[in-house]
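Topology and contacts: notes
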Amino acid sequence: MQSDITSFDEYKKVHQQSITDKEAYWEQKAETFDWHRKWDKVHSGSFEDGNVKWFEGGKLNITENCLDRHLDEHGDKVAFHFEANDPDEGPRNLTYSELHEEVCKFANVLESKGVGKGDRVAIYMAMTPEIAIATLACARIGAVHSIVFAGFSAQSLADRIQDCDAEMLITNDGLERGTKLVPLKEISDKALQSCPMVNDVIVCQRVGNDIDWEEGRDEWWHDLMANASADHEAEVMEAEDPLFILYTSGSTGKPKGQVHTCGGYMTYVSSTLKNVFQVGQDDVYWCTADAGWITGHSYIIYGPLLNGLTGIIFESTPMHPNPGRLWQVCEKYEVTHFYTSPTAIRALMKEDISYVRDCDLSSLEVLGTVGEPINEEAWHWYDEEIGNGNCPIVDTWWQTETGGMMISPMAGITPTKPGYATLPLPGIEPALMDEDGNEIEGNDVQGNLVIKQPWPGMTRGVWGNHERYMNTYFNKYPGYYFTGDGCRRDEDGYYRITGRVDDVLNVSGHRLGTAEIENAIDEHNKVVEAAIVGYPHDVKGEGVFAFMTCNSEIADPEAFKKEIDDLVAKIISPIAKPDKIQIVQGLPKTRSGKIMRRILRKIAAGETDDLGDTSTLVDPSVVDDIIDGQAY
Ligand code: 6R9
């Protein structure tokens, strides 16, 4: 159960061996699970061909490894504590036996509705134990789940359902986060108007808000579960069968459906969690992410259950009902391992310190961060105020595409440095590239971050679009996986992620494509063309700055900003709303018609002294107009 690495010297040795002989390393990890049939081949395929496979010929069901495997010894152990939006809602804990029973029942429900192996099921739900139950039940019958973050709009939900051709949607009547009610069923109904492929909707009651009902299509979760049997034999899956599809934003076009597979993903998320957090059987591990993101998939649902841990499903926000909520929950459940985002830390460090000091945080042993670079000030505050100087901080770099953590300290083993994800985990071989496609050797250097060898947790494809998969990740640097991130390797060989090098924004740890937001804003009848860039934001890390040209005078820019906000919220999600907009006479364009975002980024950041070369612009005078203009 414990990590097999216990010292820094051992890490270095194991890492070296693991990249010299990756098959031996991963085979040994895979052997710790229950398989119905052992694999014939540990690994095959290459980045060049985009056909990577792990544990081919192996047969398994991931939920047997998450649940059944623990029942004999740990059936009564809590798998999830549920912490509801309202802190006064009564306690609800699910033991491994109870979770197993619920998952088996819901697996039978899904099968009774005609869902089977390989079918896609969309999940658009609140953060209650039912989202984990629905997810695991899909995995148990071999259906491919596609969770859509419950903050996405009807249109975003519809886009995802259509792209993966889901035949069923599982949702709630509504959800409450903080003081906000999100009418999930109403949003789902709207989305489904353009999704004729969905025949069945299962609605789990959470809020009791009024909802519309379509007879013959909609059914209550509780009605279906009332008669379901708790016996369910898991579908035996091939290692390379898809487990789930999760959509993520890229620099162009619509979000891409990343495909993760059963055997490799299982092996990867389980072993990375163990190594990075150094968790043990008595620990209480809390990841504050939402199950709608990859962090929730890998390190709320699958990773902790594979390791037999006690986790927490948290329905609320760090600010509700007051900014002490995260620390109160840590105290309540005596959390030992805590994993959150730099944005949450930056927001909470602005609040009165008594919210922290009023809580007993002495149970904490390891603190983690994920999703975006962490600035030094936030790192030190986390270390001193939350960790009391005693808890190693693991700054974990990874992506939806990587399935699990890639570059990260191992708690208590890797010496840390504020702002550094430090060193690659076993089995991972990073490198830095220059723009000409050469590897940058040595230390104290900077370049584009790539990975040199396949690993079991990596994305196996973009759903339905192999060409996009190849173009995005493998064609820029043949033979390497391109991450889209810039990175520095310092004089000690430590990695520090500097941020995206493509047109992807990272707002509060959420990935947003500039093209997606631009397309949404272009829908406004007064907008001719929009250009989105990120700019430094002291809480969100990066804010959204929208420059746009309009076809008529805007008399009331504040009211217009509200219209743009509403439009972006409706088409994508409230998380993508611009922080600032500026109406301009013209956008800086090259002769070939490309918007020079480099210049807009500088202006948005207030760095107008050093705009670089503007001579290639069709009309350099637009730049001065933009600098003189006003943002709202
Ligand atoms: C897990 C997750 C991936 C992008 C990634 C990078 C940024 C993630 C980071 C980090 C600096 C870290 N990112 N972890 N940047 N330090 N520790 O966040 O997946 O939503 O796909 O985002 O997030 O830019 O490329 P995803």
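The rules behind the values
Residues numbered from 1 in each chain as written. Predicted model: local features only at pLDDT ≥ 70, side-chain atom pairs only at ≥ 80, totals over all residues. Heavy atoms only, no water. Pairing = 2+ DSSP bridges. Helix = DSSP H or I, 4+ residues; strand = E, 2+ residues; numbered from the N terminus. Axes fitted to C-alpha atoms, helices over the stretch in contact; angles between N-to-C directions. Contact = heavy atoms within 4.5 Å. UniProt positions renumbered as here; feature names shortened; annotations may be inferred. Near = heavy atom within 4 Å. Polar contact = N/O pair within 3.5 Å; in protein donor to acceptor, adjacent residues only side chain to side chain. Nonpolar A, V, L, I, M, F, W, Y, C, P; charged D, E, K, R; others polar. Buried < 20%, exposed > 50% of the residue type's maximum accessible area, 1.4 Å probe, protein only. Phe/Tyr/Trp six-rings, centres within 6.5 Å; stacked < 30°, edge-to-face > 60°. Core = buried A, V, L, I, M, F, W, Y, C linked by side-chain atoms within 4.5 Å. Domains from an automatic or database assignment. Buried area = accessible area lost by both parts, 1.4 Å probe. Salt bridge = Lys/Arg side-chain N within 4 Å of Asp/Glu carboxyl O.

Points about the sheet that holds strand β30 (residues 580–583)
- Reading across from one edge, β28-β29-β30 is the order of the three strands in this open sheet, with mixed pairing throughout. In this open sheet, the two strands that pair with only one neighbour each are β28 (527–537) and β30. Each adjacent strand pair in this sheet contributes to an overall mean axis angle of 20°, direction not counted.
- Relative to strand β29 (residues 541–550), β28 is paired through 10 bridges, and the arrangement is antiparallel. The residue bridging valine 533 from the neighbouring strand is phenylalanine 545, located in β29.
- Contacts from helix α16 (residues 514–522) reach β28 and β29, with the element oriented near 140° to β28.
- Packed onto the sheet, helix α17 (residues 557–571) meets β28, β29 and β30 and runs at close to 120° relative to β30.

Describing the UniProt feature "domain: AMP-dependent synthetase/ligase" (unreviewed entry) in the chain
- Feature annotation in UniProt assigns "domain: AMP-dependent synthetase/ligase" (unreviewed entry) to the following positions: residues 68–463.
- Annotated as residues 68–463, this span is 31% helix and 22% strand, and its ends, taken at the C-alpha atoms, are 30 Å apart.

A look at the site of the ligand
- In the vicinity of the ligand there are 17 residues, among which Asp395, Thr396, Thr400, Asp485 and Arg511 approach most closely.
- One of the backbone nitrogen or oxygen atoms of glutamate 372 is found 3.4 Å away from a nitrogen atom of the ligand.
- At a separation of 2.5 Å, an oxygen atom of the ligand approaches a polar side-chain atom of aspartate 485.
- Listing elements by their share of the shell around the ligand, those giving two or more residues are α10 (294–306), β20 (393–396) and β25 (495–500).
- When the residues that make up the shell around the ligand are grouped by side-chain class, the tally is six nonpolar, six polar and five charged.

As for the sheet that holds strand β17 (residues 310–314)
- If you trace the seven strands from one edge of the open sheet to the other, you get β5-β4-β17-β16-β18-β19-β20, paired in mixed fashion. Every other strand in the sheet has two partners, leaving β5 (92–95) and β20 as the edge strands with one partner each. In this sheet, neighbouring strand axes are inclined to one another by 20° on average, regardless of whether the strands run parallel or antiparallel.
- Docked against the sheet, helix α14 (residues 376–386) engages β18 (337–340), β19 (366–370) and β20, running at close to 155° with respect to β19.

Here's the deal with helix α6 (residues 154–164)
- Where α6 is concerned, the buried positions are Ala154, Ser156, Leu157, Ala158, Arg160, Ile161 and Cys164.
- Once α6 ends, the next one or two residues include aspartate 165, with phi positive near 55°.

Brief notes about the packing of aromatic side chains
- Considering all chains together, one arrives at 34 aromatic pairs under this definition.
- Ring centres of phenylalanine 47 and phenylalanine 474 lie 5.4 Å apart, and the angle between their planes is 25°; on these two criteria the pair is classed as stacked. In this pair, phenylalanine 47 is assigned in the loop between β1 (41–44) and β2 (53–56) and phenylalanine 474 in helix α15 (residues 466–474), connecting sequence segments 427 residues apart. The same class applies to phenylalanine 47 and to phenylalanine 474, which are both buried.
- Between tryptophan 286 and phenylalanine 314 the ring centres are 5.2 Å apart and the planes differ by 80°, which places this aromatic pair in the edge-to-face class. A residue pair is termed long-range when its members are at least 10 positions apart, and tryptophan 286 in strand β16 (residues 284–287) and phenylalanine 314 in strand β17 qualify at 28 residues.
- Since its relative accessible area comes to 0%, tryptophan 286 is described here as buried.
- Feature note: the residues Phe47, Trp455, Tyr469, Tyr473, Phe474 and Tyr481 constitute an aromatic cluster, connected by ring pairs.

Section: the nonpolar core
- Counting 114 residues, the largest nonpolar core has Phe106, Leu110, Ile170, Trp221, Phe277 and Tyr302 as its most contacted members.
- Per-element accounting of this core gives the leading share, nine residues, to helix α5 (residues 129–141).
- In contact with tryptophan 221, not counting residues within four places along its chain, are Phe106, Met125, Glu130, Ile133, Ala134, Ile170, Ile202, Val203 and Cys204.
- Core analysis: the next-biggest nonpolar cluster, separate from the first, contains 49 residues, Ala158, Leu192, Ala530 and Val568 among them.

Notes on the domain arrangement of the chain
- Under the domain assignment, the chain is made up of domain 1 (1–61 + 237–428), domain 2 (94–235) and domain 3 (504–628).
- Contacts between the two partners involve 31 residues from domain 1, matched on the other side by 33 residues from domain 2.
- Summed over both partners, the interface of domain 1 with domain 2 comes to about 2800 Å²; 62% of that surface belongs to carbon and sulfur atoms.
- Summed over the three residues of domain 1 that lose the most area to domain 2, namely Tyr247, Ile313 and Glu315, the buried surface amounts to 24% of that side.
- Seen at the junction of domain 1 and domain 2, the total is two salt bridges.
- Note that lysine 254 is salt-bridged to aspartate 159, the shortest N-O span being 3.4 Å.
- Linking domain 1 to domain 2 there are 13 residue pairs in polar contact (both at pLDDT 80 or more).

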